[in-house]
Amino acid sequence: MGVIIPVALTTSVATVQCQQLAVAAGDEYSLRGSMLGDGVATIVAALFGSPFGMTVFIGHPALKEMGAHVGYLWMTSLAFVLVCFT
């Protein structure tokens, strides 16, 4: 419990921070949906042996300013898969 609570708290704060950054950039996202998505992703990752909590991407205003869309998400996901499985 000495590790679980601080990691869970850090992930929760990061999700709230990312949601607030998105609001500041003019995009409204459901905090509840983000938190539930993070929780489900963390549980699935834990079932596969990951010790890390999942959270949404940070840096929303900068990514929006660069013109990043869903393709950025797919390219980042592909990069993570390539790094993890090689």
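S.K.: Looking at this model, I keep getting lost on the pattern of salt bridges. Mind explaining?
M.R.: Note on pairing: side chains with opposite charge can pair once their charged atoms come close. Tallying each qualifying case throughout the model produces one salt bridge. Among the salt bridges present, the one from Lys64 reaches Asp27, with a minimum N-O distance of 3.2 Å. With a gap of 37 residues between them, Lys64 in helix α3 (residues 60-66) and Asp27 in the loop between α1 (4-24) and α2 (31-47) connect regions that are remote in the sequence. Overall, the relative accessible area of 38% leaves Lys64 in the partly exposed class.

S.K.: Hey, could you run me through α1 in this one?
M.R.: Along an α-helix, a turn takes 3.6 residues, which lines up residues three or four apart on a common side. Compared with an ideal rise of 1.5 Å per residue, which puts 21 residues at 30 Å, α1 spans 30 Å between its outermost C-alpha atoms and is within 8% of the ideal. For α1, every residue scored as buried is listed here: Thr11, Thr15, Cys18, Gln19 and Ala22. One side of α1 carries all its buried residues, which in axial view fall inside an arc of 100 degrees. Summarising the geometry of α1, the exposed residues directed more than 90 degrees from the buried face are Ile5, Leu9, Thr10 and Ala24. Contacts made by the buried residues of α1 are with α2 and α3. Residue Gly26 follows α1 closely and has a positive phi angle near 100 degrees.

S.K.: Is there a simple way to think about the packing of α1 against α2 in this case?
M.R.: The description of two helices packed together rests on the angle between their axes and the distance between the axes. The N-to-C vectors of α1 and α2 enclose an angle of 140 degrees; their axes lie 10 Å apart at closest approach. If you check the angle between α1 and α2, you find them oblique. The two elements α1 and α2 cross, and the hand of that crossing is right-handed. On α2, the residues touching Ser12, Thr15, Val16 and Gln19 of α1 are Leu31, Ser34, Met35 and Asp38.

What counts and what doesn't
- Residues numbered from 1 in each chain as written.
- Predicted model: local features only at pLDDT ≥ 70, side-chain atom pairs only at ≥ 80, totals over all residues.
- Heavy atoms only, no water.
- Salt bridge = Lys/Arg side-chain N within 4 Å of Asp/Glu carboxyl O.
- Helix = DSSP H or I, 4+ residues; strand = E, 2+ residues; numbered from the N terminus.
- Buried < 20%, exposed > 50% of the residue type's maximum accessible area, 1.4 Å probe, protein only.
- Expected span 1.5 Å × (residues − 1).
- Arc of directions from axis to C-beta.
- Contact = heavy atoms within 4.5 Å.
- Axes fitted to C-alpha atoms, helices over the stretch in contact; angles between N-to-C directions.
- Parallel < 35°, antiparallel > 145°, perpendicular 65-115°, else oblique.
- Left-handed = near helix turned anticlockwise from the far one by under 90°.

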